[in-house]
Protein chains: 2
Amino acid sequence: MLQVRLKPPVCPSRPLAADCGACGARAFSVCASLEGEDLARLSALAEPVRFAAGQALTRQGERADYLFNITSGTARVQTLMADGRRQITGFLFAGDFVGLEAAARHAGSVEAIELVTACRFAIGDYRTLVRQSPKLEAVLLERAGHELTEARAQILLLGRKTAEEKLASFLLNLADRDPMRPHAEGQLRLPMSRTEIADYLGLTIETVSRVLGRFKTAGIVQLVSVSELRILRPERLTQLADGES
Amino acid sequence: MLQVRLKPPVCPSRPLAADCGACGARAFSVCASLEGEDLARLSALAEPVRFAAGQALTRQGERADYLFNITSGTARVQTLMADGRRQITGFLFAGDFVGLEAAARHAGSVEAIELVTACRFAIGDYRTLVRQSPKLEAVLLERAGHELTEARAQILLLGRKTAEEKLASFLLNLADRDPMRPHAEGQLRLPMSRTEIADYLGLTIETVSRVLGRFKTAGIVQLVSVSELRILRPERLTQLADGES
DNA sequence: CGCATCGTTGACCAAGATCAAGCCTGGTGG
DNA sequence: CCACCAGGCTTGATCTTGGTCAACGATGCG
C-alpha cells in the first residue's frame, strides 16, 4: 500500500508550511507531477488544515478565498435549493482538488463527511503559483478536463439511468476512486450515509436501501456492516451499470 | 448587435488559415482575450470547417484528433447508452470550445443541429499552442472552470428539479447563452427539436410538450412558431426555475 | 397531393416518492 | 449491567409524477 499515515497537521490557527515531501496523498494529487523548485514553492504556500465531520471547507454563496488539496478523509460537494432540496455533486477523497471552478463565489459548499485533512492555499497565492509554474497550470487543466468528463458521466446517470443502474454505477465508481479503501479484494467503505448516497444519485433513502437490499439477495454484494460492503460479482454490477439487462 | 455575418468558410478539404481578425464569434470565444503574436499563431493553425445539420464533429469512442472552436450555428454534445438511451450533456453555440475534456478518446459525440461553422485545430498543434501561450492556457483553465460550474447546475437540475423547474431553467439559460437569439426583447430561437430538449432535461417529448403547453396557457411564454418562443413573464420563470412556488 | 417527420393531446401505467411503522446500533445514565 | 433513547436504516402500503402507448394534427418536401 502506498498510503503513508500522516502526522496530524499542526494547529491550523498558526499557519505553518506543509511538508509536501512527506505527504501521503501526493501520489494521487496534482502535486504528484511537480518536483524541485515548483514543489518547494507549493510547499511554502500550503497550510495544513483539518476539518471534523460536518464542518464546511467552503460555504455556498461565500467569497472564494481559499483553495484546498485534500490529503485524507472524505468530503461532499453539495448545492442546496431554497426549499431545502439537496443535490450532492460529488464526493472528494485524498488527492482531490477543491477550487477548479474558480468563480468569485462558491456555487456550492464543500463539507467534511469524516475527518478531513487538507492543504489550504490563499486564492492570491494560488494565482501567483499558477502564473509562475506552467507545469502546475497544465496539470490543473488536465484535472479540470477529467472532472468535466466525470460530470458528464454523472449527468448521463441522473438523466437516463434507473435506480438500479445508478446504484451499480455508484458502487463501481467508489471502488475505483476511494484511495483509502480496505485491502480486501472487492471490499469498500461507504463513509457517506444513505441520505448522502440518495442526494448524490437523485433518489430517496428508501430507494437506496431497497436497491441495496435487492443486490444483496441477488448475491451481487454483501453488506459486511452498514458502512462496509463487498462486491461479490463485479461483472454483474458492470452489466447493471450500463443497462445491459 | 455585435454579430457580424461570416463569409462562408472556404472548402474544408483544402486546409486554409483562418482570419481570426474578421471572425464574428471572436467576442464570445477563448480567442477574445488573445492579441498580437498569440492571435497570429492561433490564426495560422486554425482551419475553418463547416458541418451540415446532423453531421458529427467528433464521435463517441473515436480518437480525439481535433479540437474545435465554434464560430456559428448550434451543436449538441451527447452520450449514448448501449440500448439507445441518449443524454444530451450540453448545447454549443458560437464561441464555445470543444475538447477541454482532452481525453485520448471522446466519451461523447458532438453533432451539428443546424449548420455549424468552426475553427479546427489538430490536437498536436493545440498542445504546442497552449505550451507557447500561457495566456491561452489561463483562459482555457478559466473556461473549464465555468463549464464545471454549468455542469454542476445541470446535475442539480437533473437530480432534484421537477419537469416544470427543468423547462423553466432551460428557457432562461437559453436566453442567456445563445448569442444568435433574435433581437426582439424576450424572444428566443429553439434550434433544437423537442426530442433534443427532452434528452437534455432527462424527460420525454410528451412531457416537454405538455409543460410548454402549460406555460403557454399560464401566459408565461408565447409560442411564436414551433421553434421560436417569447418569454412574457421572465420573473415567473425565474421563480419556477428555483422551485419557489 | 401524398408521404414522412415532428409535435400535441389523451388514456393509462409504473418507477420511484411519500408516508408510516418497526428495527438495529451505539451512547447515556440509573 | 441493563433500560432507555436517538439517529440512521429497513421494510411495507399507498400515492404521484412523469413515462408509455396510441391517435391525431401540423409542417414541409418530392
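Because the structure is predicted, anything quoted here is derived from the model rather than measured.

Definitions and cut-offs
Residues numbered from 1 in each chain as written. Chains lettered and ligands numbered in written order. Predicted model: local features only at pLDDT ≥ 70, side-chain atom pairs only at ≥ 80, totals over all residues. Heavy atoms only, no water. Near = heavy atom within 4 Å. Polar contact = N/O pair within 3.5 Å; in protein donor to acceptor, adjacent residues only side chain to side chain. Helix = DSSP H or I, 4+ residues; strand = E, 2+ residues; numbered from the N terminus. Nonpolar A, V, L, I, M, F, W, Y, C, P; charged D, E, K, R; others polar. Pairing = 2+ DSSP bridges. Axes fitted to C-alpha atoms, helices over the stretch in contact; angles between N-to-C directions. UniProt positions renumbered as here; feature names shortened; annotations may be inferred. Contact = heavy atoms within 4.5 Å. Buried area = accessible area lost by both parts, 1.4 Å probe. Salt bridge = Lys/Arg side-chain N within 4 Å of Asp/Glu carboxyl O. Parallel < 35°, antiparallel > 145°, perpendicular 65-115°, else oblique. Core = buried A, V, L, I, M, F, W, Y, C linked by side-chain atoms within 4.5 Å. Buried < 20%, exposed > 50% of the residue type's maximum accessible area, 1.4 Å probe, protein only. Least-squares fit on C-alpha atoms with pLDDT ≥ 70 in both.

S.K.: It is not clear to me how the protein's contact with DNA strand D should be interpreted in this structure. Could you clarify?
M.R.: Surveying the vicinity of DNA strand D reveals 14 residues, the closest of which are A:R194, A:S209, A:R210, B:A163 and B:T207. Taken together, the sugar and phosphate atoms account for 66% of what DNA strand D places within 4 Å of the protein. Interatomic distance of 2.8 Å between a side-chain N/O atom of A:R210 and a base nitrogen of DNA strand D. B:R210 places a side-chain nitrogen or oxygen 2.9 Å from a base oxygen of DNA strand D. Within the residue set of the surface near DNA strand D, elements represented by two or more residues are α6 (205–217) of chain A together with α6 (205–217) of chain B. In terms of residue class, the surface near DNA strand D is made up of three nonpolar, six polar and five charged.

S.K.: Hey, could you run me through the protein's contact with DNA strand C in this one?
M.R.: Among the 14 residues in the neighbourhood of DNA strand C, the closest are listed as A:A163, A:T207, B:R194, B:S209 and B:R210. Within the side chain of A:R210, one N or O atom sits 2.9 Å away from a base oxygen of DNA strand C. Interatomic distance of 2.8 Å between a side-chain N/O atom of B:R210 and a base nitrogen of DNA strand C. Here the residues of the surface near DNA strand C are counted per class, giving three nonpolar, six polar and five charged.

S.K.: What should I look at first to understand the sheet that holds strand β5 (residues 86–92) of chain B in this one?
M.R.: Sheet strands pair via backbone hydrogen bonds, and the direction of the pair is either parallel or antiparallel. Residues and elements named next belong to chain B. Here four strands make up an open sheet; going across it, the order is β2-β7-β4-β5 and the pairing antiparallel. The strands lining the two open edges of the sheet, one partner per strand, are β2 (56–58) and β5. Across the sheet, the axes of successive neighbouring strands diverge by a mean angle of 30 degrees, strand direction being ignored. Note: β2 against strand β7 (residues 109–112), two bridges, orientation antiparallel. Paired with A56 across the two strands is E111, which belongs to β7.

S.K.: I keep staring at the UniProt feature "domain: Cyclic nucleotide-binding" (unreviewed entry) in chain A and nothing clicks. Help me out?
M.R.: Sequence positions flagged by UniProt for "domain: Cyclic nucleotide-binding" (unreviewed entry) are, in local numbering, residues 30–99 of chain A. For residues 30–99 of chain A, helix accounts for 14% and strand for 43%, while the C-alpha atoms at its two ends are 13 Å apart.

S.K.: Can you help me understand the interface of chain B and chain A in this one?
M.R.: Buried accessible area, meaning the area lost when the parts come together, often serves as the stated size of an interface. Facing the 39 residues of chain B at the interface are 39 residues of chain A. Here chain B meets chain A over a buried area of about 3600 Å², counting both sides, of which 63% is carbon and sulfur. The largest per-residue losses of area from chain B upon contact with chain A belong to B:L141, B:I155 and B:R160, which jointly make up 21% of the total buried on that side. Across the chain B-chain A interface, the total number found is eight salt bridges. Across the pair B:D199 and A:R160 runs a salt bridge whose closest N-O atoms are separated by 2.7 Å. Where chain B meets chain A, there are 16 residue pairs in polar contact (both at pLDDT 80 or more). Of all the secondary structure elements, the ones that give two or more residues to the side of chain B that touches chain A are β4 (75–80), β5, α3 (134–160) and α5 (194–201) of chain B. When grouped by side-chain class, the residues that make up the side of chain B that touches chain A number 17 nonpolar, 10 polar and 12 charged.

S.K.: Explanation requested: the sheet that holds strand β8 (residues 116–122) of chain B in the structure shown.
M.R.: All names here are of chain B. One open sheet holds the four strands; their spatial order is β1-β8-β3-β6, and the pairing between them is antiparallel. Both outer strands of the open sheet, β1 (47–51) and β6 (97–98), are each paired with one neighbouring strand and no more. Inspection of the sheet shows strand β3 (residues 66–72) paired to β6 by two bridges, in the antiparallel sense. Across the sheet, the residue bridging to F68 is V98, located in β6.

S.K.: Would you mind going over the packing of helix α2 (residues 123–132) of chain A against helix α3 (residues 134–160) of chain A with me for this structure?
M.R.: Residues and elements named next belong to chain A. Two numbers describe how α2 lies on α3: the axes approach to 5 Å, and their chain directions differ by 105 degrees. Classified by the angle between their axes, α2 and α3 sit roughly perpendicular to one another. Packed against α2, whose contacting residues are Y126, L129, V130 and Q132, the element α3 presents P134, L136, E137 and L140 at the interface. Among the residues forming the contact of α2 with α3, the class breakdown is six nonpolar, one polar and one charged.

S.K.: What should I look at first to understand the nonpolar core in this one?
M.R.: Within soluble globular proteins, side chains that are nonpolar tend to cluster in buried spots. A:F170, A:F215, B:F170 and B:F215 are the most contacted members of the largest nonpolar core, which totals 64 residues. Once residues lying within four places of it in the same chain are set aside, the contact partners of B:F170 are B:F91, B:L190, B:M192, B:I197, B:Y200 and B:L201.

S.K.: Which parts of the structure should I look at to understand the relation of the copies chain B and chain A?
M.R.: In this structure, two copies of a chain are linked by a rotation about an axis accompanied by a shift along it. With an axial shift of 0.0 Å and an RMSD of 0.0 Å, the rotation relating chain B to chain A amounts to 180 degrees. What the rotation and shift describe, once combined, is the action of a two-fold rotation axis. Looking at the interface residues of chain B, 100% of them are also at the interface in chain A, so both copies use one shared face.

S.K.: Please explain the pairing of β8(B) as it appears in this structure.
M.R.: Regular strands place their side chains on alternate faces of the sheet. Residues and elements named next belong to chain B. Buried residues dominate β8, accounting for six of its seven residues. Inspection of the sheet shows β1 paired to β8 by five bridges, in the antiparallel sense. Across the sheet, E47 pairs through a bridge with R120, a residue of β8. Here β3 runs beside β8; their pairing, made up of six bridges, is antiparallel. Paired with F68 across the strands is R120, a residue of β8.

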